[in-house]
Amino acid sequence: MTDHPRDLPALRRRLAEFAAARDWQPYHTPKNLAAALSVEASELLEIFQWLTPEQSARVMTDPDTAHRVRDEVADVLAYLLQFCEVLGVDPLAALEAKIERNESRFPVPGAPPEAREPEG
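Residues numbered from 1 in each chain as written. Predicted model: local features only at pLDDT ≥ 70, side-chain atom pairs only at ≥ 80, totals over all residues. Heavy atoms only, no water.

As annotated in an unreviewed UniProt entry, the protein chain is Nucleotide pyrophosphohydrolase from Streptomyces salinarius.

Rendered as structure tokens:
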């Protein structure tokens, strides 16, 4: 493990620097990054494709499979962050806004109406 910071802005900078050092920016179009993100998500899915729910819950107990899962998660996250960088999307702000919309759309069952309404 390296001593690099694990905060989102630092990781985004490292990804940008990595791509820039290799002159990959011309290939990092929104379409290409969305396609790459889909491919990597599919590679993550492939690990679980024929597993039962019980087997999938234990996937991290096998060191080789756990390594594959971590690698694919990293690939998905890397392409998502690069996609966001190219389009100027703040992924944490987008997630926060989506959670807030979902809290309004899907209230807690049985909650009183005033508890269902978002504050603000």
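**Q** Residue-level account of unusual backbone geometry, with values.
**A** Unlike most non-glycine residues, Asp-23 shows phi in positive territory, near 55 degrees. Following the sequence through the fold, Asp-23 ends up in the loop between helix H1 (8-21) and helix H2 (30-48). For Asp-23, a relative accessible area of 55% corresponds to the exposed category. (Helix = DSSP H or I, 4+ residues; strand = E, 2+ residues; numbered from the N terminus. Buried < 20%, exposed > 50% of the residue type's maximum accessible area, 1.4 Å probe, protein only.)

**Q** Give a description of the pattern of salt bridges that names residues and reports values.
**A** In the structure shown here, the tally under the stated rule is 1 salt bridge. Salt-bridge contacts for Glu-85 lead to Arg-12; the nearest nitrogen and oxygen are separated by 3.1 Å. Residue Glu-85 is located in helix H4 (residues 63-87), and its partner Arg-12 is located in helix H1; the two are separated by 73 residues in the primary sequence. Among the residues examined, Glu-85 registers a relative accessible area of 43% and is labelled partly exposed. What makes Arg-12 buried here is its relative accessible area of 17%. (Salt bridge = Lys/Arg side-chain N within 4 Å of Asp/Glu carboxyl O.)

**Q** Explain helix H5 (residues 91-105) to me, using residue names and the numbers behind them.
**A** Counted at 1.5 Å a residue, the expected span for H5 with its 15 residues is 21 Å, and the 21 Å between its end C-alpha atoms agrees. Of the residues flanking the start of H5, the one acting as N-cap is Asp-90, its side-chain oxygen 3.0 Å from the backbone nitrogen of Leu-92. (Expected span 1.5 Å × (residues − 1). Polar contact = N/O pair within 3.5 Å; in protein donor to acceptor, adjacent residues only side chain to side chain.)

**Q** Describe the side chain of Glu-40, naming the residues involved and giving the relevant values.
**A** Locating Glu-40 in the fold gives a position in helix H2. No salt bridge is formed by the buried Glu-40. Its closest oppositely charged neighbour is Arg-68, at 11 Å. Apart from the residues lying within four places of it in its own chain, the contact partners of Glu-40 are Glu-72, Asp-75, Val-76 and Tyr-79. (Lys, Arg positive; Asp, Glu negative; His and termini not counted. Contact = heavy atoms within 4.5 Å.)

**Q** Lay out the packing of H1 against H4 in plain terms, naming residues and giving numbers.
**A** The contact between H1 and H4 brings their axes to 10 Å, and the two run at 85 degrees. Our classification of the angle between H1 and H4 gives roughly perpendicular. Residue-level inspection shows Leu-8, Arg-12 and Leu-15 of H1 in contact with H4, the latter providing Ala-78, Leu-81, Gln-82, Cys-84 and Glu-85. Residue classes in the contact of H1 with H4 are distributed as 5 nonpolar, 1 polar and 2 charged. (Axes fitted to C-alpha atoms, helices over the stretch in contact; angles between N-to-C directions. Parallel < 35°, antiparallel > 145°, perpendicular 65-115°, else oblique. Nonpolar A, V, L, I, M, F, W, Y, C, P; charged D, E, K, R; others polar.)

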